[in-house]
Every structure is written in structure tokens, then in C-alpha cells.
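Architecture and fold: a report
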Amino acid sequence: MDKGARIFVAGHRGLVGSAIVRTLQAAGYRNLITRTSAELDLREQGATRAFFEKERPEYVFIAAAKVGGIVANNSYPAEFIYDNLMIQNNVIHASYLSGVQKLLLLGSTCIYPKLAPQPIREDALLTGPLEPTNEPYAIAKIAGIKMCQSYNRQYGTRYICAMPTNLYGPNDNFDLTTSHVLPAFIRKFHEAKASGAENVVIWGSGTPYREFVHVDDVAEASLFLMENYEGWEPVNIGSGEELTIRALAEQVAAVVGFKGGLVFDASKPDGTPRKLSDVSRIHELGWRHRITLEEGLNSTYAWYLENQGGGVRG
Ligand SMILES: NC(=O)C1=CN([C@@H]2O[C@H](COP(=O)(O)OP(=O)(O)OC[C@H]3O[C@@H](n4cnc5c(N)ncnc54)[C@H](OP(=O)(O)O)[C@@H]3O)[C@@H](O)[C@H]2O)C=CC1
Ligand SMILES: C[C@H]1O[C@H](OP(=O)(O)OP(=O)(O)OC[C@H]2O[C@@H](n3cnc4c(=O)[nH]c(N)nc43)[C@H](O)[C@@H]2O)[C@@H](O)[C@@H](O)C1=O
């Protein structure tokens, strides 16, 4: 991509979108186009098309989405499927109408079957039933992949798809109901230490495995794919390392300095038992993650202390 290319980062204020903006700016890209959802609701077809006609971006990163943890997904299935389908349909079709050169859609490794063989390869897609707690969201993301592939096939577009595993980092959503597990743990353990609480409540059994990758790695991988990948198949972005939710809780407690106990709330869902991504495709393309979970937890907690304290974004 030319350093002066017009690049639209949809969702630029979010966890991933803000990291993509940081990464592009650090790489010298100086013509970034951004809009908040208040300025441009990408669920609105007319407004989205008018924006693309006027701004005519040459490259598009779709990091705008309705996103949340397991309870948010399970509580608002209609919003998760509607918002994500509308955003994707409008941005992908408007990109085609306005001649965008290349587009990258961000999906998630939740698109794969609940019990896919581990680690999960990209070709496991649609080979089995999905995890019920986030099926609407996963269906929307799968539809986005199929749209990109269909537009590439019929119209000769260059729309690629990246599937990150669970990600975390600065500017995450720390709301205790709608967030993902890692930011929720940072806040829970921080507040428990501050208040002298005896225990921290962990949702579910603590036995599911999850893989985590730092959002700066995801942003760098997204730029790497935009610059180097022309394939139609989705590409997993991950660390290739997993741990149990209990082990994650123990690591966050150590980083925060919380000495109390863990209590497990069996009324909350565990979700999929494992979702370790096979990252050999992106490794073969020439990209690997850099930030270890230990480094990432420490830097994210430091960011939390400087920026969030008791506040939340979500
Ligand atoms: N977080 C995670 O663990 C994972 C995320 N992903 C994927 O990464 C992508 C980004 O997720 P993440 O950064 O975590 O999400 P965030 O919730 O942090 O950010 C989402 C962004 O989307 C924007 N947005 C939401 N609705 C609209 C709308 N109707 N019109 C315009 N903009 C809208 C918001 O804009 P505004 O702030 O202006 O309202 C917000 O900045 C998603 O595709 C998600 O599937 C994949 C795997 C894991
Ligand atoms: C990225 C991915 O993220 C989501 O899938 P998920 O990984 O299941 O989501 P999660 O991070 O919320 O939970 C992971 C595990 O952690 C346990 N858990 C314990 N205690 C807390 C807790 O306090 N908060 C949360 N959120 N989870 C907790 C929780 O019970 C579960 O077993 C979907 O958006 C999906 O669509 C998707 O793409």
C-alpha cells in the first residue's frame, strides 16, 4: 500500500480498530479515514454508500462490529446477528460499488465448530455444529467470509478475511457484563485487591481452555495480510498457546497482586471447551505473534491503571 493511500478503518475507536490505526500511523500511512458510529452508522445502507462515494477509500479494514463476551452474546442474539450482518453487507457492497482496491474483514475463531479437532484449521469451517452461546454472531461472521469470497469470484475483488482468536490489550471493554474474560479478570482482581475482598467470582467451571493474542499483534498481522495475502480462504491469527480459565485467573491475580481465593459460579455458561487456532497458515505466510501473555497481561494492567481505574468504556 502506498503511504498516501486512502485507508478507511471502520471501528477505529474499538480495541482492534484503534490498534490498527496505531500500527498504520507507526508504519507511515498518513491518509487514514475514520468515522465514529455516531457520525456514520454502518447499519444504514444509504449513509454508508454516500460515505464511500464521497471519500472513495482505496483500502478498507472492517473492525467495526457488535462485539461482546459470552454473556453478551447469549443475551442479545438478535443484535449480534443483525448489527454484524448489516455492517458487513453495507461496507462490503459499498466497497465494491466505489472500487475499493482491497478490503480486510475481521472475523473470529468462534466461527469454527464447537468440537472441531484441535488445533483448529481454517478448513474446519462449516464441518460441524457451532457453539450455541455465540452462534448468531458466528453465523454473521461466516456470512461475511462467504460475501468476500463471492464478490472475489463474481466481481474480481480482493477481499480477504482474518480470524483472530480471543484478543486483549489497551482500550478493551472492561464492563463486567458485556466484556470478554481477560479484561473482566483485570477489573475484577483489581477491584477485589482494592476493596480487600476475600474472593473473586469466576464464571463457569474454570475448565475451558482459551487462547489469547495481544491486539497489537492482531493489528500487525492485519497490516501484514493486507500487504501480502491475496487468498480467498480465511487466515487464523493467534499465539498457538492455550490455558484454562482457572490458570488465566491465577495469572491475572499474580499480576494484580490479589492474594484471595477464587469462587466458581456454575450458573454462568462455559461456552466452547477449547478453541485453539492452528496458526500454521499465517506462519507459512511469514508472520508470528511477538507479545507473550505474561508481557501482555503486565502491559494491559499498566494501561488499565493509567486509563480506566474504576471507569468502563462498554
Ligand atoms: N475482542 C475480541 O476478543 C475479538 C474481536 N474480534 C473481532 O475484531 C473486530 C473488532 O472487535 P473489537 O475491537 O473487540 O470491538 P469493540 O467493541 O472494541 O469495537 C467495535 C467498534 O465497532 C464500531 N461500531 C459498532 N457498531 C457500529 C455501527 N453500527 N456503525 C459504525 N461503527 C460501529 C464501534 O464504533 P464507536 O466506538 O464509534 O461506537 C467500535 O469502535 C470484530 O470484528 C470482532 O469480531 C475477533 C476475535 C476476538
Ligand atoms: C472472542 C470470543 O469471545 C466470546 O467467546 P468466549 O471466548 O467464550 O467468551 P468470554 O471471553 O466471554 O468467555 C471465555 C470463558 O471465560 C469464562 N469466564 C469466567 N469468568 C468470566 C468473566 O468474568 N467474564 C467473562 N466474559 N467470561 C468469564 C466464560 O464462562 C468462558 O468459559 C464470543 O464473543 C465469541 O463470539 C468470540 O469470538
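For the structure given in this document, a descriptive report is provided here. For clarity, every value in this text was computed on a predicted model and none was experimentally measured.

1. Let's talk about the packing of aromatic side chains
Under the counting rule described, the total for this entry stands at twelve aromatic pairs. Each ring, one from Phe-51 and one from Phe-52, has its centre 5.5 Å from the other, and the planes form 90 degrees; the classification is edge-to-face. In this structure, Phe-51 and Phe-52 share a single accessibility class: buried. For the ring pair Phe-174 and Tyr-304, a centre distance of 4.8 Å and an interplane angle of 50 degrees mean the geometry is tilted. In this pair, Phe-174 is assigned in the loop between strand S6 (166-168) and helix H6 (181-195) and Tyr-304 in helix H10 (residues 293-307), connecting sequence segments 130 residues apart. Take Phe-174: its relative accessible area is 0%, and that puts it in the buried class. Residue classification places Tyr-304 among the buried residues on the basis of a relative accessible area of 0%. Taken together, the ring pairs connect Tyr-96, Tyr-151, Tyr-155 and Tyr-159 into an aromatic cluster. The ring of Tyr-209 has Arg-274 lying over it, and the distance from NZ or CZ to the ring centre is 5.8 Å.

2. Comments concerning the site of ligand 1
Taken together, 26 residues form the shell around ligand 1, and within it Leu-15, Val-16, Ser-37, Tyr-137 and Lys-141 come nearest. Side-chain polar atom of Ser-37 to an oxygen atom of ligand 1: 2.7 Å apart, as the coordinates give it. Lys-141 places a polar side-chain atom, nitrogen or oxygen, 2.9 Å from an oxygen atom of ligand 1. In the complex, 89% of the free accessible area of ligand 1, which totals 900 Å², lies under the protein chains. Where the shell around ligand 1 is concerned, the elements lending two or more residues are helix H1 (15-26) and helix H5 (135-155). Looking at the shell around ligand 1 residue by residue, the class counts come to 13 nonpolar, eight polar and five charged.

3. A short note on the sheet that holds strand S10 (residues 242-244)
Strands sit in the order S6-S8-S10 across an open sheet of three strands; the sheet is mixed. Among the strands making up the open sheet, the edge pair consists of S6 and S10. Taking each pair of neighbouring strands and ignoring which way they run, the sheet shows an average axis angle of 45 degrees. Sheet topology note: the strand S8 (residues 209-214)/S10 ladder contains three bridges and is antiparallel. Across the sheet, Arg-210 pairs through a bridge with Leu-243, a residue of S10. Packed on one face of the sheet, helix H7 (residues 215-228) meets S6 and S8 and runs near 70 degrees to S8. Helix-sheet contacts for helix H8 (residues 245-256) involve S8 and S10, and the interaxial angle to S10 is about 90 degrees.

4. Description of the pairing of S8
Within S8, five of the six residues are buried, which leaves it mostly tucked inside the rest of the structure. Examined bridge by bridge, S6 and S8 share three bridges and lie parallel to one another. Each residue of the ladder has a partner; that of Leu-167, found in S8, is Val-213.

5. What about the sheet that holds strand S3 (residues 59-62)?
Within the open sheet, the six strands sit side by side as S2-S1-S3-S4-S5-S9. Their pairing is parallel. With one partner strand each, in any of the chains shown, strand S2 (32-33) and strand S9 (235-237) form the two edges of the open sheet. Two elements, strand S1 (residues 7-10) and S3, share four bridges in a ladder whose sense is parallel. Bridging across to S3, Ile-7 finds its partner in Tyr-59.

Rules used throughout
- Residues numbered from 1 in each chain as written.
- Chains lettered and ligands numbered in written order.
- Predicted model: local features only at pLDDT ≥ 70, side-chain atom pairs only at ≥ 80, totals over all residues.
- Heavy atoms only, no water.
- Phe/Tyr/Trp six-rings, centres within 6.5 Å; stacked < 30°, edge-to-face > 60°.
- Buried < 20%, exposed > 50% of the residue type's maximum accessible area, 1.4 Å probe, protein only.
- Helix = DSSP H or I, 4+ residues; strand = E, 2+ residues; numbered from the N terminus.
- Lys NZ or Arg CZ within 6 Å of the ring centre and 35° of its normal.
- Near = heavy atom within 4 Å.
- Polar contact = N/O pair within 3.5 Å; in protein donor to acceptor, adjacent residues only side chain to side chain.
- Areas by Shrake-Rupley, 256 points an atom, 1.4 Å probe, with all protein chains shown as cover.
- Nonpolar A, V, L, I, M, F, W, Y, C, P; charged D, E, K, R; others polar.
- Pairing = 2+ DSSP bridges.
- Axes fitted to C-alpha atoms, helices over the stretch in contact; angles between N-to-C directions.
- Contact = heavy atoms within 4.5 Å.

Everything listed is a geometric property; what it means functionally is a separate question.
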